Amino acid sequence: PESNMILRRFLSTVRRNSFEVLGLSPDCTMQEAKVAYRSLVMRLHPDITKNDPNLTQKFREVAEAYNIVRKLKQEEIPDETPDEESIRPKYDGTTGGKDTEDKIREYINFKPI
């Protein structure tokens, strides 16, 4: 009840803040998120910033934000894996087509050289 409501508020805040950290809107594409992340990482990487503690902390925030955004965007992608019924060929009551019968006749009449 109340704990669920608090958890929902917290999660919505985390989501919103994750997009803000990357400078994105919640309706961005995964490609836009990736470009924003890489741009920020290149500027904030500890090797580039000479291990500045403030920028190192921002680097970590950007990495965490990107992981959250990436997971959220992956949840939006519908699972397009076909189910077993759509893969299995449909049985229409016949015993094969003309092509199958022709192949059998060719096999039976095959004469090795």
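Shown above is the structure to which this text applies.
**Q** It is not clear to me how the packing of aromatic side chains should be interpreted in this structure. Could you clarify?
**A** Each aromatic ring pair is described using two quantities: the centre-to-centre distance and the angle formed by the ring planes. Under the criterion given, the structure shown has one aromatic pair. Summarising the aromatic geometry, the rings of Y37 and Y66 are spaced 4.1 Å apart at their centres and angled 15 degrees between planes, so their arrangement reads as stacked. Taken together, the positions of Y37 in helix α2 (residues 30–44) and Y66 in helix α3 (residues 53–76) put the pair 29 residues apart, joining distant regions of the chain. Relative accessible area serves as the criterion here: at 10%, Y66 is assigned to the buried category.

**Q** Would you explain α2 in this entry?
**A** Working note: α-helix, 3.6 residues per turn, so residues spaced by three or four point in the same direction. Its 15 residues place the ends of α2 21 Å apart at the C-alpha level, agreeing with the 21 Å of an ideal helix rising 1.5 Å per residue. Residues of α2 that are buried include every one of A33, A36, L40, V41 and L44, and no others. An end-on view of α2 places all buried positions within 130 degrees of arc, on one side of the element. Opposite the buried face of α2, at more than 90 degrees from it, the exposed residues are Q31, R38 and M42.

**Q** Just checking my understanding: could you explain α3 for this structure?
**A** Its 24 residues give α3 an end-to-end C-alpha distance of 35 Å, which sits within 8% of 34 Å, the value for a rise of 1.5 Å per residue. Within α3 the residues assigned to the buried category are T56, F59, V62, A65, Y66, V69, L72 and K73. At the N-terminal boundary of α3, the capping side chain belongs to D52, with an oxygen 3.0 Å from the backbone nitrogen of N54.

**Q** Would you mind going over the side chain of T56 with me for this structure?
**A** Mapped onto the secondary structure, T56 falls in helix α3. Ignoring sequence-local partners within four residues, the contact set of T56 consists of P46 and N51.

Here is what the cut-offs are and how they apply
Residues numbered from 1 in each chain as written. Predicted model: local features only at pLDDT ≥ 70, side-chain atom pairs only at ≥ 80, totals over all residues. Heavy atoms only, no water. Phe/Tyr/Trp six-rings, centres within 6.5 Å; stacked < 30°, edge-to-face > 60°. Helix = DSSP H or I, 4+ residues; strand = E, 2+ residues; numbered from the N terminus. Buried < 20%, exposed > 50% of the residue type's maximum accessible area, 1.4 Å probe, protein only. Expected span 1.5 Å × (residues − 1). Arc of directions from axis to C-beta. Polar contact = N/O pair within 3.5 Å; in protein donor to acceptor, adjacent residues only side chain to side chain. Contact = heavy atoms within 4.5 Å.

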